[in-house]
Amino acid sequence: MKDIGIAPSILAADFGYLMRDIKAVENADYLHIDVMDGHYVNNISFGIPVIQSIRKYTDMKFFTHLMITEPEKYVKAFADAGSDNITFHVECSDDPDSLIDQIKALGKSAGISVHPDTPIEKVFPYIGKVDIILVMTVYPGFGGQGYLPSSDERIRKLRAAIDEAGSDTVISVDGGVTRANIKQIYDAGARLFVAGSTVFNDEDPAKAIEDLIKCCTLS
Ligand code: DX5
Ligand code: ZN
């Protein structure tokens, strides 16, 4: 993967015009797909049939973020629906190691996500095992929230642990990413940026993606 990646989150798209909105962000590296079950988070988004449907009309890589309990029951269905990456929450699994193995055995990239209230050290054992560690920088469940300032320090700690391990696990961040703060988050050590409102609330989503990349590279 190149140094900086952007993953627009379709949670901020207009579901009535979902494919139109996805087509507008095909210059991005991934499409971020937020699945919520009303149990792990207090919101319900969409599920497997929606992913199956959009898979038919785009070649984008699907970064599927499962905000669901018992993710082990569903990873095969999300893989079959066309996910390229499957990311589950460390808080939702009793056995993350075997779940990571399960995702990899399905031929998919694996990710583990961590809630803002969970110590960041909780994901350290999975460095080098997963492709992506997704640091939640807002409380999971809703788009349009502000970036939690305490996230910078969490990202820095994770960056140091990954570098010390000599691993190529990518740090992704999810929530509240804007043109104004992306550089600071990049400097803390993140490389793959999920962005919902910043991209889809813009009248030119493709340009918003380019802007985010440009903001990262400003010195
Ligand atoms: C929150 C989701 C995020 C959300 C980000 O639970 O996981 O992916 O869509 O939205 P913004 O970028 O608007 O904070
Ligand atoms: Zn997400």
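The text that follows walks through the structure, step by step, so that each part is easy to find. (Residues numbered from 1 in each chain as written. Chains lettered and ligands numbered in written order. Predicted model: local features only at pLDDT ≥ 70, side-chain atom pairs only at ≥ 80, totals over all residues. Heavy atoms only, no water.)

**Brief notes about the site of ligand 1**
By nearness alone, 20 residues border ligand 1, and Asp34, Gly141, Asp174, Gly196 and Ser197 come closest of all. Separating an oxygen atom of ligand 1 from a side-chain N or O atom of serine 9 is a distance of 2.9 Å. Within the side chain of histidine 32, an N or O atom sits 3.4 Å from an oxygen atom of ligand 1. Here ligand 1, which alone exposes 380 Å², has 99% of that area covered by the protein. Those elements that provide at least two residues to the shell around ligand 1 are β2 (30–36), β3 (61–67) and β8 (192–195). Here the shell around ligand 1 is built from residues that sort into eight nonpolar, 10 polar and two charged. (Near = heavy atom within 4 Å. Polar contact = N/O pair within 3.5 Å; in protein donor to acceptor, adjacent residues only side chain to side chain. Areas by Shrake-Rupley, 256 points an atom, 1.4 Å probe, with all protein chains shown as cover. Helix = DSSP H or I, 4+ residues; strand = E, 2+ residues; numbered from the N terminus. Nonpolar A, V, L, I, M, F, W, Y, C, P; charged D, E, K, R; others polar.)

**Here's the deal with the coordination of the zinc ion (ligand 2)**
Looking at the metal site, the zinc ion (ligand 2) is ligated by His32 (NE2), Asp34 (OD), His65 (ND1) and Asp174 (OD), spaced 2.0 to 2.3 Å from it. Considering all six donor atoms around the zinc ion (ligand 2), the spread of angles at the metal, 69 to 169 degrees, places the coordination shape in the octahedral class. Spacing between the donor residues of the zinc ion (ligand 2) along their common chain follows H-x1-D-x30-H-x108-D. Of the two residues, aspartate 34 sits in strand β2 while aspartate 174 sits in strand β7 (residues 170–174), which places them 140 residues apart along the sequence. When its relative accessible area of 7% is taken as the criterion, aspartate 174 is described as buried. (Donors = N, O, S within 2.8 Å, 3.2 Å for Na, K, Ca; no water. Tetrahedral: all angles 85-135°; square planar, octahedral: opposite > 155°, others 65-115°. Buried < 20%, exposed > 50% of the residue type's maximum accessible area, 1.4 Å probe, protein only.)

**Some words on the pattern of salt bridges**
Within the structure shown, the criterion is met by 15 salt bridges. A salt bridge links aspartate 21 to arginine 20; its shortest N-O distance comes to 3.0 Å. The residue arginine 55 makes a salt bridge to aspartate 84 at a minimum N-O spacing of 3.2 Å. In this pair, arginine 55 is assigned in helix α2 (residues 48–55) and aspartate 84 in the loop between α3 (75–80) and β4 (85–89), connecting sequence segments 29 residues apart. Of the residues examined, arginine 55 reaches a relative accessible area of 22% and is grouped as partly exposed. Judged by its relative accessible area of 28%, aspartate 84 falls in the partly exposed class. A single network of salt bridges, built from pairs that share partners, joins Arg179, Asp202, Lys207 and Asp211. (Salt bridge = Lys/Arg side-chain N within 4 Å of Asp/Glu carboxyl O.)

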